[in-house]
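# Observations on the three-dimensional arrangement
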Amino acid sequence: MSRTVGVVTGTRAEYGLLRGAMKRIEAHDELTLQVVVTGMHLSERHGRTVTEIEDDGFDIDRRVHMQVDGDSGRAMAKSLGVGLSGMADALADLDPDIVLVLGDRGEALAGGVAAAHMNLPVAHIHGGDAMEGAIIDDSIRHALTKFAHVHFPVSEQSAERIEKLGEEPWRITTVGAPGLDEIREAAVTAPETLYETYGLDPGRPLLLTVQHPVTTAPERAGEQMRATLDALAARERAQVVVIYPNADAGGGRMIDAIESHDAADRFHAFESLPRADYLGLLDAADALVGNSSSGIIEAPSFGLPVVDVGPRQTGRQRADNTLSVPHETQAIEAAIERCLTDESFQARARNCENPYDYGGAAERIVSRLAEIDLTDRLIEKRLTY
């Protein structure tokens, strides 16, 4: 019997991780895809990346506007409330058999909370991860674990954490990181194409930076961004590609810091990039600087040196390609120097093993979605302790 899977996506980055599963759901004989788009996808300031979803050929079944103007925790909280109300209406109209969400953001939480209250089974990707420096992110992630009925952790460590939260083992399938599927499938823009498209010089070092607010200190987000940009600007020969931050509290301060920086005219700054181009930049870059999870999860598959700035990714399982530094310009500069000149560290990064690469994450996710029994047992959760 055919079943409908409603996929909730709210950001460019999370859509890039969901896309492989969405394609396989659409192609599956016994599954029907529904797409609910929300959050940053519908924001002009963040590139209105809903167009990327449409360009990929997906029909969008519902748009849920939820972003409230403001650069504060209050705005984030109000956005969550708006999103929860909108998700309830969307899911009531679409009535999927199961709802698929990913990660640790308010958009996914709104979808998961609404679905669970409506007795719609929730499947959650990337549960059980740990990011000690991103407190609200982990709170959302672990809350979603308790609302979810099916769990797709990306590593055995994460699966163990989900079990420790009292979840029944039969609900848990370790799948690996879905963000690695397209890398394995070589769905990556070639460096020479990137150089031409974005006006980059293959003969100069290429530094890529993606930095998001630390949600416990949004008031410091601007100065933290400036510390990173100052370190990048000090490499006068290097080309610097800057990707705008996400829509968390403090993100506006970071965008202001990018746009007002003394070296802004030297930066190649983008609100958003297509996923294939972003992966191509990870392949072409000499170092990634910032605090994006892509430095922890995707970068090892390219052997790319990473300067992990600040506490946001602290506690997350990682490969040997990262150097962790505080939000201090001199420390960031020194780490960039090591990435560009230290041959032993470059070799360590080049030869590192990616702890999230289990191969074929999307295929495992979709197979489980197709076969799991949609019975009362799935909805009726119980603690194992």
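The structure we're discussing is the one just above.
Residues numbered from 1 in each chain as written. Predicted model: local features only at pLDDT ≥ 70, side-chain atom pairs only at ≥ 80, totals over all residues. Heavy atoms only, no water.

## Quick notes on the sheet that holds strand E8 (residues 239–243)
Taken in spatial order, the 6 strands of this open sheet run E9-E8-E7-E10-E11-E12, and their pairing is parallel. Of all strands in the sheet, those with a lone pairing partner are strand E9 (267–270) and strand E12 (322–325), marking the two edges. Sheet twist, expressed as the average angle between the axes of neighbouring strands with direction ignored, equals 20 degrees. Of the pairings in the sheet, the one linking strand E7 (residues 206–210) to strand E10 (residues 287–290) comprises 4 bridges and is parallel in character. If you follow Thr 209 over to E10, its bridge partner there is Val 289. (Pairing = 2+ DSSP bridges. Helix = DSSP H or I, 4+ residues; strand = E, 2+ residues; numbered from the N terminus. Axes fitted to C-alpha atoms, helices over the stretch in contact; angles between N-to-C directions.)

## Remarks on the packing of helix H9 (residues 221–233) against helix H10 (residues 251–260)
Where H9 meets H10, the closest approach of the two axes is 7 Å, and the angle between their N-to-C directions is 35 degrees. With respect to the hand of their crossing, H9 and H10 are arranged in right-handed fashion. Across the interface between the two elements, Ala 221, Gly 222, Met 225, Arg 226 and Leu 229 from H9 touch Arg 253, Met 254, Ala 257 and Ile 258 from H10. Residue classes in the contact of H9 with H10 are distributed as 6 nonpolar, 1 polar and 2 charged. (Left-handed = near helix turned anticlockwise from the far one by under 90°. Contact = heavy atoms within 4.5 Å. Nonpolar A, V, L, I, M, F, W, Y, C, P; charged D, E, K, R; others polar.)

## Here's the deal with the pattern of salt bridges
Evaluation of the coordinates by the stated rule reveals 26 salt bridges. Its salt-bridge partner being Arg 316, residue Asp 129 comes within 3.0 Å of it at the nearest N-O pair. One end of the pair, Asp 129, is in the loop between strand E5 (122–125) and helix H5 (135–147); the other, Arg 316, is in the loop between strand E11 (306–309) and E12, with 187 residues separating them in the sequence. We classify Asp 129 as buried; its relative accessible area is 2%. (Salt bridge = Lys/Arg side-chain N within 4 Å of Asp/Glu carboxyl O. Buried < 20%, exposed > 50% of the residue type's maximum accessible area, 1.4 Å probe, protein only.)

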